[in-house]
Structures are given as C-alpha cells and as structure tokens.
Amino acid sequence: MNNPSGFRPSGIVTLTTDFGQRDPFVGVMKGQVLRRHAQATIVDLMHEVAPQDVDEGGFWLARSFENFPSGTVHVAVVDPGVGTSRPVAIVEVNDQVLLAPDNGLLSELVDRVNRPVLRRLDPGVLPSLGIARLSATFHGRDLFAPLAGELLAGRTTPARLGPEVPELNRGRRTEPVVGDGWVEGVVVTVDRFGNLITNIEGAVVARLGACTVVLGSEQLPLSRTYADVPANGYVALINAFDVLEIARNGGSAEATLGVGRGTTVRVESGGRG
Amino acid sequence: MNNPSGFRPSGIVTLTTDFGQRDPFVGVMKGQVLRRHAQATIVDLMHEVAPQDVDEGGFWLARSFENFPSGTVHVAVVDPGVGTSRPVAIVEVNDQVLLAPDNGLLSELVDRVNRPVLRRLDPGVLPSLGIARLSATFHGRDLFAPLAGELLAGRTTPARLGPEVPELNRGRRTEPVVGDGWVEGVVVTVDRFGNLITNIEGAVVARLGACTVVLGSEQLPLSRTYADVPANGYVALINAFDVLEIARNGGSAEATLGVGRGTTVRVESGGRG
Amino acid sequence: MNNPSGFRPSGIVTLTTDFGQRDPFVGVMKGQVLRRHAQATIVDLMHEVAPQDVDEGGFWLARSFENFPSGTVHVAVVDPGVGTSRPVAIVEVNDQVLLAPDNGLLSELVDRVNRPVLRRLDPGVLPSLGIARLSATFHGRDLFAPLAGELLAGRTTPARLGPEVPELNRGRRTEPVVGDGWVEGVVVTVDRFGNLITNIEGAVVARLGACTVVLGSEQLPLSRTYADVPANGYVALINAFDVLEIARNGGSAEATLGVGRGTTVRVESGGRG
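No experiment lies behind these values; they were computed from the predicted model shown. (Residues numbered from 1 in each chain as written. Chains lettered and ligands numbered in written order. Predicted model: local features only at pLDDT ≥ 70, side-chain atom pairs only at ≥ 80, totals over all residues. Heavy atoms only, no water.)

Quick look at the packing of aromatic side chains now. The final tally for this structure, using the stated rule, is 24 aromatic pairs over all chains. Measuring from ring centre to ring centre gives 5.1 Å for Phe59(A) and Trp60(A), while their planes differ by 80 degrees; the resulting arrangement is edge-to-face. No difference in accessibility class separates Phe59(A) from Trp60(A), as the two residues are buried. On the numbers, 5.9 Å between centres and 40 degrees between planes, the contact of Phe138(B) with Phe241(C) is tilted. Note that Phe138(B) is positioned in the loop between strand 6 (117–120) and helix 4 (139–152) and Phe241(C) in the loop between strand 12 (234–238) and strand 13 (243–248), a pairing that runs across two chains. Among the aromatic residues, ring-to-ring pairing joins Phe19(A), Phe25(A), Phe138(A), Phe59(B), Trp60(B) and Phe241(B) into one connected group. The ring centre of Trp182(C) lies 4.5 Å from the NZ or CZ of Arg266(C), which sits over that ring. (Phe/Tyr/Trp six-rings, centres within 6.5 Å; stacked < 30°, edge-to-face > 60°. Buried < 20%, exposed > 50% of the residue type's maximum accessible area, 1.4 Å probe, protein only. Helix = DSSP H or I, 4+ residues; strand = E, 2+ residues; numbered from the N terminus. Lys NZ or Arg CZ within 6 Å of the ring centre and 35° of its normal.)

This part takes up the pattern of salt bridges. Scanning the entire structure with this criterion turns up 51 salt bridges over all chains. Arg36(A) serves as the salt-bridge partner of Glu150(A), at 2.9 Å between the closest nitrogen and oxygen. Taken together, the residues Glu150(A) in helix 4 (residues 139–152) and Arg36(A) in helix 1 (residues 25–36) connect sequence positions 114 residues apart. The burial state of Glu150(A) is the same as that of Arg36(A); both residues are buried. Of the charged contacts, one joins Asp111(C) and Arg170(C) as a salt bridge, the two residues approaching to 2.8 Å between their closest N and O atoms. (Salt bridge = Lys/Arg side-chain N within 4 Å of Asp/Glu carboxyl O.)

Non-glycine residue Arg115(A) carries a positive phi angle of around 50 degrees. With respect to the helices and strands, Arg115(A) occurs in the loop between helix 3 (107–112) and strand 6 (117–120). A positive phi angle, near 70 degrees, is found at Asn232(C), a position not held by glycine. Within the secondary structure layout, Asn232(C) lies in the loop between strand 11 (218–223) and strand 12. Relative accessible area serves as the criterion here: at 44%, Asn232(C) is assigned to the partly exposed category.

Laying chain C over chain B is done by rotating through 120 degrees and shifting 0.0 Å along the axis; what remains is an RMSD of 0.0 Å. On the angle and the small slide along the axis, the relation comes out as a three-fold axis. The C-alpha atom lying nearest the rotation axis in chain C is that of Thr41(C); the distance is 4.7 Å. The share of interface residues of chain C whose copies in chain B are also at the interface is only 7%, consistent with the copies meeting through different surfaces. (Least-squares fit on C-alpha atoms with pLDDT ≥ 70 in both. Contact = heavy atoms within 4.5 Å.)

A few words now on the sheet that holds strand 2 (residues 41–46) of chain A. Overall, mixed pairing links the six strands, which are arranged 2-1-3-5-4-6 (chain A) in an open sheet. Each edge of the open sheet is held by one strand with a lone partner, namely strand 2 and strand 6 of chain A. Strand-to-strand twist of the sheet, defined as the mean angle between neighbouring strand axes without regard to direction, takes the value 20 degrees. Relative to strand 2 of chain A, strand 1 (residues 12–17) of chain A runs parallel, the two being bridged by five bridges. Looking at strand 2 of chain A, one finds that Val13(A) is bridged to Ile42(A). Strands in contact with helix 1 (residues 25–36) of chain C are strand 1 and strand 2 of chain A; relative to strand 2 of chain A, the strand with the most contacts, it is inclined by about 145 degrees. (Pairing = 2+ DSSP bridges. Axes fitted to C-alpha atoms, helices over the stretch in contact; angles between N-to-C directions.)

The partner chain B presents 30 residues to the 27 residues of chain C that form the contact. Here chain C meets chain B over a buried area of about 2,500 Å², counting both sides, of which 58% is carbon and sulfur. Of all residues in chain C, Asn67(C), Arg192(C) and Phe193(C) give up the largest surface area on contact with chain B, accounting jointly for 28% of the area buried on that side. Our count for the chain C to chain B interface comes out at one salt bridge. Summed over the shared surface of chain C and chain B, the result is 13 residue pairs in polar contact (both at pLDDT 80 or more). Counting residues per element, the ones that place at least two in the side of chain C that touches chain B are strand 2 (41–46) and helix 2 (54–64) of chain C. By residue number, the principal contributor to the side of chain C that touches chain B is strand 2 of chain C, which donates five residues. (Buried area = accessible area lost by both parts, 1.4 Å probe. Polar contact = N/O pair within 3.5 Å; in protein donor to acceptor, adjacent residues only side chain to side chain.)

Before going further, it helps to spend a moment on helix 4 of chain B. Owing to its 3.6 residues per turn, the α-helix aligns residues three or four sequence positions apart on the same side. All names here are of chain B. In this model helix 4 runs 18 Å from its N-terminal to its C-terminal C-alpha over 14 residues, within 8% of the 20 Å that 1.5 Å per residue would give. Of all the bends in helix 4, the largest measures some 30 degrees and sits at alanine 145, one to four residues before the proline proline 146. In terms of burial, helix 4 is a largely internal element, 14 of the 14 residues being buried. Phi turns positive, to about 75 degrees, at glycine 154, one or two residues after helix 4. (Expected span 1.5 Å × (residues − 1). Bend = angle between axes of the 7 residues up to and from the residue.)

Here the focus is the interface of chain C and chain A. Facing 30 residues of chain C, the contacting portion of chain A comprises 27 residues. For the pair chain C and chain A, the two sides together bury roughly 2,500 Å², of which 58% comes from carbon and sulfur. Looking at the side of chain C facing chain A, the largest losses of area belong to Arg22(C), Pro24(C) and Thr137(C), adding up to 24% of the total buried there. Across the contact surface, chain C and chain A share one salt bridge. Applying the counting rule to chain C against chain A returns 13 residue pairs in polar contact (both at pLDDT 80 or more). Ranked by the residues each element gives to the side of chain C that touches chain A, the list is headed by helix 1 of chain C, at eight residues.

Another point: the environment of Leu106(A). All names here are of chain A. Here leucine 106 shows up in the loop between strand 5 (96–101) and helix 3. The exposure class assigned to leucine 106 is buried, which follows from its relative accessible area of 4%. With 47 residues separating them along the chain, leucine 106 and phenylalanine 59 place their C-alpha atoms 8.7 Å apart. In this view, leucine 106 contacts Leu61, Ala89, Val91, Leu98 and Ala100; residues no more than four positions away in its chain are not counted.

What follows covers helix 1 of chain C. Residue and element names in this part refer to chain C. Over its 12 residues, helix 1 extends 17 Å from the first C-alpha to the last, a length consistent with the 16 Å expected when each residue adds 1.5 Å. Along helix 1, 11 of the 12 residues are buried, which leaves the element largely enclosed by surrounding structure. Taken together, the buried positions of helix 1 are occupied by Phe25, Val26, Gly27, Val28, Met29, Lys30, Gly31, Gln32, Val33, Leu34 and Arg36.

With that settled, the discussion passes to the nonpolar core. Residues and elements named next belong to chain A. Formed by 66 residues in total, the largest nonpolar core has its most connected members in Val75 and Leu99. Here this core gets seven residues from one element, more than from any other, and that element is helix 4. In contact with valine 75, other than residues within four places in its own chain, are Val13, Thr14, Leu15, Thr16, Met29, Leu99, Phe144 and Ala148. (Core = buried A, V, L, I, M, F, W, Y, C linked by side-chain atoms within 4.5 Å.)

All names here are of chain C. Packing of helix 1 against helix 4 (residues 139–152) leaves a shortest axis separation of 8 Å and a crossing angle of 35 degrees. You can see that helix 1 and helix 4 cross each other, and the crossing is right-handed. Of the residues in helix 4, those in contact with Val28, Met29, Gln32, Val33 and Arg36 of helix 1 are Gly140, Arg141, Ala145, Pro146, Gly149, Glu150 and Leu152. Here the residues of the contact of helix 1 with helix 4 sort into six nonpolar, three polar and three charged. (Left-handed = near helix turned anticlockwise from the far one by under 90°. Nonpolar A, V, L, I, M, F, W, Y, C, P; charged D, E, K, R; others polar.)

Our next topic: the sheet that holds strand 2 (residues 41–46) of chain B. All names here are of chain B. What the six strands build is an open sheet, ordered 2-1-3-5-4-6; its pairing is mixed. The open sheet has two edge strands, strand 2 and strand 6, and neither has a second partner. Sheet twist, expressed as the average angle between the axes of neighbouring strands with direction ignored, equals 20 degrees. In this structure, strand 4 (residues 88–93) lies alongside strand 6, joined through four bridges in antiparallel fashion. Following the sheet pairing, isoleucine 90 is matched in strand 6 by arginine 119.

See the structure below:
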C-alpha cells in the first residue's frame, strides 16, 4: 500500500497551462495562490501548450516534474471541458502532488512512474476550504490555484481532498506502435528552435540497434548531438528528455521540412542501404 | 475620510507593462526592485498589453488586482508619454497600492472600486529615496521599480510619496453606450484563444433580460459556457471577469470572424425571432 | 590582485537563454536550481535571444546585470556548441557571478567592466557537487542550473569551481568602426516595439558633436526622447541603455523601414544640410 503521507509542502508550486502569456490569466492564478500562501515560490513550467492540446501538456508534464524538489505542487490546466462537470484528478508521486482536470492530462505521467497514488477531488470539501463560487470558464483561478495554495499552506492534504481511485481518465492519447524491427510514432511538440519532438522513447529506439529514422522523404541515421551533422543538415537524436527528436543544425527543421505536430515518424532497424 | 495607513507591505509586487517578454526590460525592472528589497515576491501580471494601449492595460488591471492579497504593490507602465513631464499616479484601495503614469491607466479601476485614495507623486521626494537620475525612455526601471522597492521595504508610504488629489487623469477611454433595450460597446482585448472580450459588464447585460448579441453579421443568444454550443460554434457569454465575451468553442473567434480590438459589439433585448 | 572572495550569495539568480518561453526548458532549469537551493529567487532576464545569437545575448547581459544586487548569480545559455566539449566561463564582477558557455557570450560584459575575475570551470569538480550525468543537448538543465544552485546555497564558490584565466573566448562579435567624424555600427537587436537598437555607444556619438544618423535612405538628427518627433515620425536617440536607437514615435521602425538585426547604421558629424 502506498503511503500518501509522504507529502510535505516545500512552498514551491509550478503552473502548466494553455493560457499563453499575453493575458493576465496566469498572473491572477498566482494572486490566488499568494492569497492562500503568501510565501509561495511559483514557477511557470509552461503556458504555451497548444490550445486545448491535452496530449502536448501531458507529454511535457511527464518529462518535467522530476526536476523539482520533494514537496512541490504542480498545477496543470489544459481543459477543453471547463464549465462542464468533469472531476479533478490528484496524483501523488515521489513526494510531489499534481492537480489537473481529470481529462487525461496526467495519464502519461501516471503510466511512467512507480506507484503513483491516484485520487479524485471530492467537491464536498471545497466549502470548508473557502472555495465556493466557481466561474463557468476559469477554474484555474477559482479552483486549481486556491487548492494549490491550501496544500502549500499545509491546511489540507491530498488525502483529505478526495478518495483514492484505481484509475484516472486516460484521455485519447495515441501511443507509438511497435512492430517487428520498427516503431512508428508522431511529432508531439515542436520547440522554439523548430526541433520536432516525438513520442518515441529512447529505450524503444535502442532495442532496434542500428536504425534509420524516416520522416516524409528524409531518411536519417541516429546521431548523438546537433553538432554531429554539418550546419543546416538534418539530425535525428535521442534528446535530453529521452525521446526521438529531428532537428536541423543551426536552423529550424519545422520551417524547412514543412511538418509539425501530428506528423508520423517511423524508425526502422538497419542503417541506410 | 479614508485612512491610507491601512497599507502594510506584504512583499508582493505585480508588474503590468506593454514591454513584451522578448527583451530584458521586465527583467531589469525586477533587478531594481530586488536591489531595494531583496525579499520581494515579484509577479508578472501582464506584459503583452498592446503597445501603448492604455485602455487595454487599464481594463485588465481593474479586473485583476483583487486577486492579490492585502499589502500588494501593483506597478503598471503603459506610457506613450515617457520622457515628457507627465506625473505619476498612486492609488490606494483595499490595502493595496497601485503606481502608474497618470495617463488614464488606473481610471477604470478607480471608477469601479469603493473609496480609493488618489495621490500624485511629489517629485521632490525622489532624491531622499535615492532616485535621482531618470533616463528619458525607461521610467519603469528608473522610477517605478525603485518606488515599488521602497514601498515593499517599508522605507516609504503612499502618504509620504505625494498629496491626495481629488481625481486623476481619466485618459480617453470610451465607455459602453446604454440605450433603451440595448447596449453598445467594443472589443477591448482578444485573448490567447482568440476570444473577443468586450467592455460590456455582465450586470448591464442582465438588465436587458433575454437578449441577442450582435457582432458583424453574427447574432448570438447568451450562453453560460463554451460547451453550450457545438464544436466550432460561436458562443456569447459573460466570462469569468464578468464581461461579455464572444468565443468559438474549440477555435478562435478572432481568426474566423476576422475582427479584433475596437470592433463594435451590440446587445439587444429580445431573443432571436 | 582581485579579491574574488567578495561574492556572498544573495539567493537571487537570473536566467538568460535563447530557449524561448513556449517550451518547459526554462521551467525545468528552475526546478534544478530549486532542488539545490529551495529558497532561491529566480528572475527571467531574457529568453527570447534570437536562436544561437551569442552577440545579442551578450549585448543585453552587459547592459542589464548591473541592475541586480550584490550576490546575484547570472546564468546565460546561448550555446550553438552544446554537446561539444567547449568549456564553461565564470566571471566575477561587482560581487556578482556570471556563468555561461565560453563562446563569447560574456565578452562584451568583460570588456566594459572594471577588474573582472575570469575563470574556467574545472570539470573535475563536478562529481563532488553531484553533477555527474550531462545530456548531450541540454546543459542548461544538467550543468548550469545545478552550478547556480550550488553557488546560491553557498556549497561552492567561484574560486573552487575553476582556476583564474587571463582571458575568455571572445567569440566573433563585430564592434563599431570609428573613423574621422563618423562611426559605423549595426542593429544588434530589435525590441518589442520595433525599435532598432544598435551597438553604437552614447559616448562615441557624443564625441561627434552635432551629427546625423544614417540608416538606409533615412537621415535623422539626434533627439532626446520619442516625443521629440511627431506621431509616426522616425527618431534617433541615445536610449536608456546608453546606445543609439532608431525608433518610430507611436509605431514600429522595424515594420516600416523594413530592416532588422545586422543592418548597418552610420553616424556622421554635422547636421543635415
């Protein structure tokens, strides 16, 4: 049995949303955290998740949260269903807590970690926390930020927020398909540099041995780092988040290959002929 | 008589500017706050106010500041007149303090709150605070950030910064026009999702009873939340900031309606025929 | 001899990168700082340095760091060579410490300050700091953030990180050319407002006396502030960072002049004929 009492708040909270950074939406969430816990240290993990792209947000959460210390609360809000009655998911793992709409946003993380404790918020506890009036369109400010603040201040615990459940909503995430000598996945996200980042794990690629990465008409060997190819050359590598990435040394692979999120990427065992 | 002595600094300061986030302008303002008060908690409220759009900045300030705890200092710099001799406005309300150029940036907030205390900075106090040398183009760094730091550190108070004044510069903000059975306003801001956010308050719309929202050739009933219409449908609702918003469920109303800031929006009592 | 023992960490760290703000790269760096020093105050100085533009990053670092208090650690990562064996530069100046790839990113700063202490990281110290496993593509997370955290926590000092060196890698920065009665430089960066910011220092322009600024077919006198020209007029001025800037009052000089980073700007003594 998991022991959820391991969570001791460090005062650190991260925010992951698709709210962008041009509007004050993230700022007012921070205000609501600070109203509950003025000593909070608030970190923006990511706010440019593509609007309502639960898979992109979940991909990065699963690969980012471990960089934070024990006692961190992570709040994630990518929520196409805001205003409907979808529940709130709570995950405890490695002495950290994650809060998110129960729409699949935490499902990749849950799949990847050891012994997460899964909970669903009991809405009945909200009045006792002074969380009463929810707007129909901004649960980040009205629900998630106050919940995080209460956790940070130590006035509640994950266990008191809701009962353990056997599983959370998995959402509609598509996972890579692994065949005999090949694996096929997709570009999940494109970073600031135009690097195409896929959902194909390094370990899966490693099992193929020497291999070729196929993206449209490009066929690339696997390299170690960007500088392994000449300037402006394309390079396929296992990146720092341990997934397959296709980049262009000194340029944007997205711009010149003309592909983006959702594009199929295939890895086949065997070098180029 | 208002009692301005209610302000006790919490150490929290928010920043609202039109400086954007690609340059180091906001970062150096934070440095200047920290030089004066190294324990400050600095929150970015909004930096993507449309360049020099005092109305957009003022709209969001008026609807965001209440999310912060007592003792917060809010610094706002949207300042087409930087380098000229325009004065600095200081507003105390709800045990919070706001600092801004006296160009109308705080006027919507002042109109909406109870018993604000209005002041104008006395430039004569600046030398005693070690604020001496102002550049002609960056008062955010040279004036507003140091003032905020001094307030946070408790080395000055609003009352010591300048005398009370009966009113501040109102700027050129246009308010909605209310007629018999209708109200007409404008899109003040477009958010990251392409939602068109107007200056028409929920209470004004409520007084019309059943009503129709007219935006160009679109005529929409009033809904409660985005999910009240089918995917890609347009929806008009009173949003979480209590103003009328026209959105597209799962898409960008701005992109497909082809309208933006400044577009007229009309609400008429009576449902569609 | 310089006394490097002046550095006492304030707990403040700034981050300057070309990582942008749409991905979680900056956020996970912050997590790694907080894992080492949970009390850190982390300030984003700038993350939109043009990808791999060492000169733009170095320009802003040199003109921003002095806004921060003693004891600040500045981490800068603009690193075309990540994954190769380039060393890490450490600079102590004014009781602050800067960490960056040794690729020229700190060279403009070093040129401008008095008595900087220059060091190169000794990789042999990393295991003792628990910094062991570097990815090939993300030294910001795996090396620079942990180093900053160790400095902030006081568990190491600049002197213990590596030996003093007589000079650092200067990179490929081009400096303005000064002739008899003229100076020629380039636009180093374009800010959010479309202002064209050059590498020509105010002091160099001052030595020319009355002068004309030439940019393409535009010839402009030197003004003091934006409001010195009519709305939509072009204006040349020495900006708040003490370099020559060409702006458009109320608009974007970049958009209407059609020029950007790298464009030549010339200043000639003598007013327009």
